[in-house]
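# A structural walkthrough
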Amino acid sequence: MVKIAVIDDEPKICRGITGMLEKSFEGRASVSSFKTVTELIKFARQYRIDILITDICMPDMDGLELGNYLKMFYPELRIIIISGYSNFEYAQAAITLQVCEYMLKPIDPEKLFDSVNRLVKMVEIHRFESMKEVTVSSDEKVDRNLLISALLYGNEQAISGLSKYLDLRQPYFLLICEDDENIYSSVMYGNSENLHQAVDKVSGLSGRLEGRKRFYLLTGDEAIEKVKKEILVHDICLRYALRAGISGRCYGASMLHLAYMQAISALKQEIYDETVGLWLFKGTGVWQFDGEKKALLLMNCILSKGSFSEELKSIEEEIRSARPVYPMFEKNVKTMLDSLVSLIEDHKVSSKYCMRLKEIAENIGACRSLKRLFDDIAKVLEKVLDSTKDMQSLREERHIRKALEYIQDNYCNDLTLEEVAAKADLNPAYFSSFFKKYTGSSLINYITELRIKKAKELLKEDKKISEISEMLGFNDTRYFAKIFKKYVGVTPSDYKNIAEKLYD
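Residues numbered from 1 in each chain as written. Predicted model: local features only at pLDDT ≥ 70, side-chain atom pairs only at ≥ 80, totals over all residues. Heavy atoms only, no water.

## Description of the overall build of the chain
How we decide: Only DSSP runs of H or I covering at least 4 residues are called helices, and only runs of E covering at least 2 are called strands; the numbering of each starts at the N terminus. The buried label goes to any residue with under 20% of its type's maximum accessible area, the exposed label to any with over 50%, and the partly exposed label to all in between, with areas taken from a 1.4 Å probe on protein chains only. Any two residues whose heavy atoms approach within 4.5 Å are treated as being in contact.
Scanning the chain for helices and strands turns up 23 helices and 11 strands. Within the span of the chain, comprising 504 residues, buried residues form 46% of the whole. The long-range fraction of contacts in the chain, counting pairs at least 24 apart against all pairs at least 6 apart in sequence, stands at 67%.

## Quick notes on the environment of Ile-82
Considering the arrangement of structural elements, one finds Ile-82 in strand β4 (residues 78-83). Under the relative-accessibility criterion, Ile-82 is labelled buried at 0%. Placed 74 residues apart in sequence, Ile-82 and Asp-8 show a C-alpha to C-alpha distance of 8.8 Å. With sequence-adjacent residues up to four places away left out, Ile-82 is seen in contact with Asp-8, Ile-17, Thr-54, Asp-55, Ile-56, Met-103, Lys-105 and Ile-107.

## Remarks on the sheet that holds β4
Heads up, the rule is: Whether two strands pair depends on DSSP finding at least two bridges between them. Convention adopted: a line fitted to C-alpha atoms gives each axis, helices being fitted over their contacting stretch, and angles between N-to-C directions are expressed from 0 to 180 degrees.
A sheet is described by the order of its strands in space; here 5 strands give the open sequence β2-β1-β3-β4-β5, paired in parallel fashion. The sheet is open, and its two borders are formed by β2 (29-34) and β5 (101-104), each paired with just one other strand. Strand-to-strand, the axes of this sheet are offset by a mean angle of 15 degrees, without reference to chain direction. Inspection of the sheet shows strand β3 (residues 51-55) paired to β4 by 5 bridges, in the parallel sense.

## Topic: the pairing of β5
Burial along β5 is one-sided: Glu-101 and Met-103 are buried, while Tyr-102 and Leu-104, pointing the other way, are not. Examined bridge by bridge, β4 and β5 share 4 bridges and lie parallel to one another. Counterpart to Ile-81 in the pairing with β5 is Tyr-102.

## Digging into unusual backbone geometry
Most peptide bonds take the trans configuration, and most residues that are not glycine carry a negative phi. Of note, the amide linkage connecting Lys-105 to Pro-106 takes the cis form, showing an omega dihedral of -5 degrees. Counting through the fold element by element, Pro-106 comes out in the loop between β5 and α5 (109-130). Its identity as a non-glycine residue notwithstanding, Arg-323 has a phi of 45 degrees, on the positive side. Checked against the element boundaries, Arg-323 lands in the loop between α14 (309-322) and α15 (326-346). Residue classification places Arg-323 among the partly exposed residues on the basis of a relative accessible area of 27%. With a phi angle near 60 degrees, Asp-425 is a residue other than glycine that sits in the positive phi range. Along the polypeptide, Asp-425 turns up in the loop between α18 (417-423) and α19 (428-439).

## Quick notes on the side chain of Glu-316
With respect to the secondary-structure elements, Glu-316 resides in helix α14. Glu-316 has contacts with Leu-370, Lys-371 and Phe-374, leaving out every residue within four places of it along the chain.

## What about a positive patch on the surface?
Going by this rule: Grouping into patches uses exposed residues only, defined as over 30% relative accessible area, and leaves out salt-bridged ones; the cut-off is 9 Å for like charges and 5 Å for nonpolar side chains (Val, Leu, Ile, Met, Phe, Trp, Tyr). Residue-level accessible areas treat just the shown protein chains as cover; the underlying method is Shrake-Rupley with a 1.4 Å probe. Between Lys or Arg on one side and Asp or Glu on the other, a salt bridge is scored when a side-chain nitrogen of the former is within 4 Å of a carboxyl oxygen of the latter. When charges are counted, Lys and Arg are positive and Asp and Glu negative, with His and the chain ends excluded. Think of each charge as sitting on NZ of Lys, CZ of Arg, CG of Asp or CD of Glu.
On the surface, a cluster of positive charge is contributed by Lys-12, Arg-15, Lys-35, Lys-352 and Lys-383. For Lys-35, a relative accessible area of 66% gives the class exposed.

## Notes on the confidence of the model for the chain
When pLDDT drops low, the exact placement of atoms in the prediction is not to be read closely. Heads up, the rule is: A residue's pLDDT is simply how confident the predictor is in it, with values from 0 to 100.
The share of residues in the chain with pLDDT of 70 or more is 80%, and the mean pLDDT across the chain is 79. When pLDDT is averaged over each element of the chain, strand β1 (residues 2-7) comes out on top at 92 and strand β6 (residues 134-136) at the bottom at 45. pLDDT under 50 marks residues 131-140. Its contacts with residues more than four places away, or in other chains, come to 25 contacts.

## Quick notes on the pattern of salt bridges
Tallied over the full model, the rule gives 14 salt bridges. Salt-bridge contacts for Lys-105 lead to Glu-10; the nearest nitrogen and oxygen are separated by 3.1 Å. Of the two residues, Lys-105 is situated in the loop between β5 and α5 and Glu-10 in the loop between β1 and α1 (11-24); the sequence distance between them amounts to 95 residues. Note on Lys-105: relative accessible area 23%, which makes it partly exposed. Here Glu-10 falls in the partly exposed class, since its relative accessible area comes to 38%. In this structure, the salt-bridge partner of Arg-323 is Asp-273, at a minimum N-O distance of 2.9 Å. On the criterion of sequence distance, the pair formed by Arg-323 in the loop between α14 and α15 and Asp-273 in helix α12 (residues 270-273) is long-range, its members being 50 residues apart. Judged by its relative accessible area of 34%, Asp-273 is partly exposed. Overlapping salt bridges, with partners in common, bring together Asp-8, Glu-10, Asp-55 and Lys-105 in one network.

## Quick notes on α19
For clarity, the threshold we go by: Expected helix span is taken as 1.5 Å per residue step, with the number of steps being one fewer than the number of residues. As used here, the arc belongs to the directions running from the helix axis to the C-beta atoms. Residues adjacent in sequence count toward polar contacts only when both atoms are side-chain atoms; beyond that, a polar contact is any pair of N or O atoms within 3.5 Å, and within protein one must be able to donate a hydrogen and the other to accept it.
The terminal C-alpha atoms of α19, which comprises 12 residues, lie 16 Å apart, in line with the 16 Å expected from a rise of 1.5 Å per residue. By the burial criterion, the buried members of α19 are Phe-431, Phe-434 and Phe-435. For α19, the angular spread of buried residues about the axis comes to 105 degrees, placing them on one side. α19 presents Ala-429 and Lys-437 as exposed residues on the side facing more than 90 degrees away from its buried surface. Where α19 begins, the capping side chain belongs to Asn-427, and its oxygen is found 3.2 Å from the backbone nitrogen of Ala-429. Positioned one or two residues after α19, Gly-440 has a phi angle of 80 degrees, which is positive.

## What to know about the nonpolar core
Across soluble globular proteins, nonpolar side chains show a tendency to be buried alongside one another. For clarity, the threshold we go by: We call a set of buried residues a nonpolar core when its members are Ala, Val, Leu, Ile, Met, Phe, Trp, Tyr or Cys and they connect through side-chain atoms within 4.5 Å of each other.
One finds Phe-308, Ile-319, Phe-329, Met-336, Leu-337 and Leu-373 to be the most contacted residues of the largest nonpolar core, which totals 38 residues. The set of elements that each furnish at least two residues to this core consists of α12, α13 (291-305), α14, α15, α16 (351-362) and α17 (370-410). Sequence-distant contacts of Met-336, that is, excluding residues within four places in its chain, are made with Phe-289, Gly-291, Lys-294, Ala-295, Leu-298, Ile-315, Phe-374 and Ile-377. Counting 28 residues, the second largest nonpolar core, distinct from the first, contains Phe-435, Leu-450, Phe-474 and Phe-484.

This is the structure we're talking about:
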């Protein structure tokens, strides 16, 4: 899938372009948007970008500088510059950078679609052409289209057509290697050649696949042992930042696609080891992992415990220990992330966190480190946790406000915990602890303090103590006097005498 990056310091424009491209190129391209150059560069260091759509004027680095920087890593990068200025110097610099399109704001959606569509086709054609190189040790010509169709898609006609070129009655293994994307392409080519020289002696068929991948068809058990020895003894993977995966033993052209899937799955084992190296395919059987339940567990921890770190770490360790084959890993983790998105949406948490989780799920295929993947998930869930805490505080404030207003209007009556809790729309047990946490006092003490405060005011108005006691819901004058002294330090009579002397 073609990767498109969009950056503009005007959020409205950025959202508009991203939304239009996502809808127009669904299934052909993935579109990622960025607010800052720093975010985009960080992304580009992890994932390849095929097309860059950038504003020319941005705070930390202009679009031309950004394009120059990214082209050091991705020489084939296609760039569209959008600008509010028809400045000749900008246009001239864009030509020097070999920018594919220089568009002025306001953007014409049809023109943008036509330009991006043209570039997407160019990327797709380039990828197709990059897979042309196929060699056979016996100097026979192999139909490249048939081979790629059989390997990548298991096409039955292609498999049938290959039978006249290839004799695969002996057991064979498929080796797929990939260069490290973070090293310059000139170095990569040399790395591939080192591996090619090591494997070419025993490889009957080799060729280049999409991107930086290359395949080698190794025939016979003896060949696979020789290749493993060459790679491991000379530390080719470690010395040249290469990653390689080898399929299980296969027979016949009908198993070419299975061999490809197994080799890719073996290559993806790097996500557990987080290093370069050589991996052999090993089936792990059925992996019992319920992504929906894991998501529910994490969300419950966020809402009830206010913490999720232990549970998320436990999930990561469970996956690392099981080392499931990659398709199974990708499917189940995506299920967990998709379920998390649904749960977060249900709780009305900011949509930007859902978008970030969707982006992580979409890019699992490019992930090369389980720790980094779970670190990214943890960062999003921390934001979700903070947001839910803020929302919880607001909800609690609404509940307590209802309770306090009701108490203020009815504290002279014989209020019960159940009655006040019902007015706050909470169950009595939770309301009791929640009320004390918020006010620092139990419900009974809070109501009594309100009554005593009102009693002090009434005692200054020359009202009888028995009358005040009844007005405030004490009913028993002696009990009222006892409680008053407990809270004020003197009896109601003494307080009344003191007040009269002070105000006479």
